[in-house]
Amino acid sequence: MRVIFKPEGGAGIEIPTPPDGSPDASVPGVCPGCGAGGFRVRGENCRIAADDRAYESNARAACCAAIVGVLRAEPGTIFGLTEDEAVLNGRPRVY
Ligand SMILES: [Zn+2]
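None of these values were measured; they are calculated from a predicted model.

**Student:** Just give me the short version of the environment of Ala59, but keep the residues and values in it.
**Tutor:** Along the polypeptide, Ala59 turns up in strand β5 (residues 55-61). By the C-beta count within 10 Å, which is 25 here, Ala59 ends up buried. In contact with Ala59, other than residues within four places in its own chain, are Phe5, Val41, Gly43, Ile67, Val68, Gly69, Val70 and Leu71.

The structure is reproduced here in structure tokens:
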């Protein structure tokens, strides 16, 4: 799975995938909210991205609690996440 941090108004950067169960993710660089270096962000309000290929959430900085961008997790879906979730939730599939 790829995890991308996209700061407000900036280009997305791939960040190391946090271990399972980790409450936040480490982002290189400087916090756009308060200037702290090597800051961490936590995802809020997780939803399926508009392109149906990833989950997106608002990225809230752990240091200053500012919303500093978007976290995007790309699990590598074949059918699209809407379809994958429907399959996982047991909807019968017609071929
Ligand atoms: Zn901060």
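So that's the structure; there's more coming.
**Student:** Tell me about the sheet that holds strand β2 (residues 13-15), and please be specific about residues and values.
**Tutor:** Reading across the sheet, the 6 strands line up as β2-β1-β6-β5-β4-β3 and stay open at both edges, with antiparallel pairing between neighbours. The open sheet has two free edges, formed respectively by β2 and β3 (25-26), since each of these has just one partner strand. In this structure, strand β1 (residues 2-7) lies alongside β2, joined through 3 bridges in antiparallel fashion. Note that in β2 the partner of Val3 across the bridge is Ile15.

**Student:** Describe the nonpolar core, naming the residues involved and giving the relevant values.
**Tutor:** Phe5, Ala25, Val27, Cys31, Phe39, Val41, Ala59, Ala61, Val68 and Leu71 form the largest nonpolar core, which has 10 residues in total. Counting residues per element, the ones that place at least two in this core are β5 and β6 (67-74). Sequence-distant contacts of Val68, that is, excluding residues within four places in its chain, are made with Pro7, Glu8, Cys31, Pro32, Gly33, Val41, Ala59 and Ala61.

**Student:** Any details on the pairing of β6? Residues and values, ideally.
**Tutor:** Direction of pairing for β1 relative to β6: antiparallel, over a ladder of 6 bridges. Looking at β6, one finds that Pro7 is bridged to Gly69. The pairing of β5 with β6 spans 6 bridges and is antiparallel. Across the sheet, the residue bridging to Glu56 is Arg72, located in β6. Following β5, the chain reverses through 5 residues before pairing antiparallel with β6; Ala65 in that reversal takes a positive phi of roughly 65 degrees.

Definitions and cut-offs
Residues numbered from 1 in each chain as written. Predicted model: local features only at pLDDT ≥ 70, side-chain atom pairs only at ≥ 80, totals over all residues. Helix = DSSP H or I, 4+ residues; strand = E, 2+ residues; numbered from the N terminus. Buried ≥ 20, exposed ≤ 12 C-beta atoms within 10 Å, placed from the backbone. Contact = placed C-beta atoms within 7 Å. Pairing = 2+ DSSP bridges. Core = buried A, V, L, I, M, F, W, Y, C linked by C-beta atoms within 7 Å.

Just distances and angles here, no functional claims.
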